[in-house]
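# Chain and residue survey
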Amino acid sequence: MALPEFRLPAVLRQPSRPVVVIAVLSVLALAAIACFMLVGARGNWGFVLPFRGAKLLGLVLVGYSIAVSTVLFQTVTNNRILTPAIMGFDTLFLLIQTLIVFFFTSATLATVDARLQFLVEVVAMIGFSVLLFRWLFIGGERSLHLMVLVGIVFGVLFRSLSNLMQRMMDPNEFMVLQDSFFASFNTIDRTLLGISTLIVVAASIALLRLYRMLDVLSLGRAAAIGLGVEYRATVMKVLVIMAVLVSVSTALVGPVTFFGLLVASLAHALAGDGRHRYVLPISILVAIICLVGGQTIMERVFAFGTALSIIIEFLGGLVFIFLILRGAAR
């Protein structure tokens, strides 16, 4: 008679690699947050903690939004090189800024109500994405890659229109406008944090209802349909959630091209497991560590000697080139 198989209780089993990675990254994220809040703090704590806390919330919101939106976009496109920035969100943001300065003045850009400008930018970017996604799914069957190509074309169009108006602009006005061309993690408007938090929380709740389907979507269209997923409706919902998160992060800090690619690539490499129950938390933690830890180093070590966005975009660009070369080698 065969002896019954003995198994260790779940509590005594060795944790899997993704679980260990999440635990380590959680400790590092907490350490980065503690350093950001406490290192170099002097004076009235009643002022220092709320001031730094508001900036910390902004960094966490941006990191969370960029990480989740990039992973979602790579899931539905089944491509780990693409990022939502390729769809023209960044260029649309710059076009809105350019239109304000061109038809009004740079003083209008500086004095307009921040919440009104934020809502206009978010609504414009979400509206553009929804129209593009509806065109993808209404009528005949169209490829997601066709949607990406159309997004690239619109991005080129928005950039060309921006460049045309910038060449016709007064040089002094252009100098003021130029500040919005680059992401700024140090000047997040605290008046926008409340509405940004509400939008991100709402998008996250909507994502939880689709969470179990993400692994199936990553298998591709044919496999997802074969497993009973309502592919068109599900992908449409995921893309809209992605567009909302990208719009919020872009409106808060400005255009960020390669940070999402950097975070998602590190998350996949660290997890060693393609399941979203691991990839999403790891990507979020990596984004928080990069932004909060990086901003702490920029402020406390280099004393704002350089911008965090420049370093992040440089590293993200290197990752993009590496992925392209690796794909070509294969």
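Refer to the structure above for everything that follows.
Everything numeric in this text was worked out from a predicted model, so none of it was measured. As a convention, each chain's residues are numbered from 1 in the sequence order in which they are written. In view of the model being predicted, local features appear only for residues whose pLDDT reaches at least 70, and side-chain atom pairs are presented and counted only at 80 or more, with totals across whole chains, interfaces and linings using the full set of residues. For the side-chain quantities, the full set of heavy atoms in the structure was used; hydrogens and water were omitted.

## Regarding the overall build of the chain
- Strands are runs of DSSP state E lasting at least two residues, helices are runs of H or I lasting at least four, and both sets are numbered from the N terminus onward. Along the chain, the regular secondary structure elements total 14 helices and zero strands.
- Moving toward the C terminus, one meets the helices and strands of the chain in the order α-α-α-α-α-α-α-α-α-α-α-α-α-α.
- Any two residues having at least one pair of non-hydrogen atoms within 4.5 Å are treated as being in contact. Counted over contacts in the chain with a minimum sequence separation of 6, partners at least 24 positions apart contribute 78%.
- For the accessible areas, the method is Shrake-Rupley and the probe is 1.4 Å, while residue cover comes only from the protein chains on display. Surface exposure of the chain reaches about 17,200 Å², of which carbon and sulfur atoms provide 69%.

## Description of the pattern of salt bridges
- Here, a salt bridge means any side-chain nitrogen of Lys or Arg that lies within 4 Å of a carboxyl oxygen of Asp or Glu. Inspection of the entire model under this criterion finds one salt bridge.
- The salt bridge involving Arg275 is made with Asp273; its shortest N-O contact spans 2.8 Å.
- In this scheme, a residue with accessible area under 20% of its type's maximum is buried, one over 50% is exposed, and one in between is partly exposed, where area comes from a 1.4 Å probe on protein chains only. For Arg275, a relative accessible area of 37% translates into the label partly exposed.

## Quick look at the packing of helix H2 (residues 45-77) against helix H12 (residues 259-271)
- Angular values range over 0 to 180 degrees, each being the angle between N-to-C directions of two axes fitted as lines to C-alpha atoms, with helices fitted over their stretch in contact. It is the contact of H2 with H12, at a shortest axis distance of 9 Å, that shows an interaxial angle of 75°. On the basis of their axis angle, the class for H2 and H12 is roughly perpendicular. When H2 is examined against H12, the residues Ile66, Ala67, Thr70, Val71 and Gln74 are found in contact with a partner set consisting of Phe259, Gly260, Leu261, Val263, Ala264 and His268.
- Only Asp, Glu, Lys and Arg are considered charged, only Ala, Val, Leu, Ile, Met, Phe, Trp, Tyr, Cys and Pro nonpolar, and every remaining residue, Gly among them, polar. Grouping the amino acids of the contact of H2 with H12 by side-chain chemistry returns seven nonpolar, four polar and no charged. Any angle from 65 to 115 degrees is called roughly perpendicular, while one under 35 is roughly parallel, one over 145 is roughly antiparallel, and all others are oblique.

## Some details on the nonpolar core
- Here the nonpolar core consists of buried residues drawn from Ala, Val, Leu, Ile, Met, Phe, Trp, Tyr and Cys, with membership extended through side-chain atoms lying within 4.5 Å. Counting 96 residues, the largest nonpolar core has Phe133, Phe185, Leu217 and Phe259 as the members making the most contacts within it.
- If one sorts the elements of this core by residue count, helix H11 (residues 231-253) sits on top with 15 residues.
- With residues up to four places along the chain from it excluded, the contact list for Phe133 reads Met87, Met147, Met236, Leu239, Val240, Met242 and Ala243.

## Observations regarding the packing of aromatic side chains
- By convention, a stacked pair of Phe, Tyr or Trp rings (six-membered ring in the case of Trp) has centres within 6.5 Å and planes under 30 degrees apart, an edge-to-face pair has planes over 60 apart, and any other such pair is tilted. Evaluated as defined, the whole model comprises four aromatic pairs.
- Ring geometry for Phe128 versus Phe154: centroids 5.5 Å apart, planes at 75°, classification edge-to-face. Of the two residues, Phe128 is situated in helix H5 (residues 114-137) and Phe154 in helix H6 (residues 144-167); the sequence distance between them amounts to 26 residues.
- The exposure class of Phe154 is partly exposed, given its relative accessible area of 31%.
- When the centroid spacing of 6.0 Å and the interplanar angle of 40° are considered together, the rings of Phe154 and Phe158 count as tilted.

## Some words on the packing of H12 against helix H13 (residues 276-300)
- Interaxial distance between H12 and H13 falls to 8 Å at its minimum, and their mutual angle equals 125°. Between H12 and H13, the crossing angle belongs to the class labelled oblique. Relative to H13, the crossing made by H12 is right-handed. Judged by residue contacts, Phe259, Val263, Leu266, Ala267, His268, Leu270 and Ala271 of H12 engage Val279, Ile282, Ser283, Val286, Ala287, Cys290 and Leu291 from H13.
- Each residue belonging to the contact of H12 with H13 can be placed in one class, and the counts come to 12 nonpolar, two polar and no charged. Helix crossings are classified by the rotation of the near helix relative to the far one: an anticlockwise turn of less than a right angle makes the crossing left-handed, while a clockwise turn makes it right-handed.

## Things to note about a nonpolar patch on the surface
- Residues Ile310, Ile311, Phe314, Leu315, Leu318, Ile321 and Leu325 make up a contiguous nonpolar surface patch of roughly 680 Å² in combined accessible area.
- Along the chain, Leu318 turns up in helix H14 (residues 308-329). Residues with no salt bridge and a relative accessible area higher than 30% make up the patches, which join like charges within 9 Å and nonpolar side chains (Val, Leu, Ile, Met, Phe, Trp, Tyr) within 5 Å.

## Here's the deal with helix H3 (residues 89-103)
- Over its 15 residues, H3 extends 21 Å from the first C-alpha to the last, a length consistent with the 21 Å expected when each residue adds 1.5 Å.
- Across the 15 residues of H3, 12 count as buried, placing the element largely inside the fold.
- Regarding H3, the residues found buried are Phe89, Asp90, Thr91, Leu92, Phe93, Leu94, Leu95, Ile96, Gln97, Thr98, Ile100 and Val101. Here the expected length of a helix is defined as 1.5 Å per residue gap, with one fewer gap than residues.

## Quick word on the environment of Phe185
- With respect to the helices and strands, Phe185 occurs in the loop between helix H7 (171-178) and helix H8 (193-208).
- Residue class for Phe185 comes out buried when judged on its relative accessible area of 3%.
- C-alpha of Phe185 to C-alpha of Leu291: the two residues are 106 residues apart in sequence and 8.1 Å apart in space.
- Dropping the residues within four chain positions of it, Phe185 is found in contact with Leu59, Val62, Val253, Val256, Leu291, Gln295, Leu308, Ser309 and Ile312.

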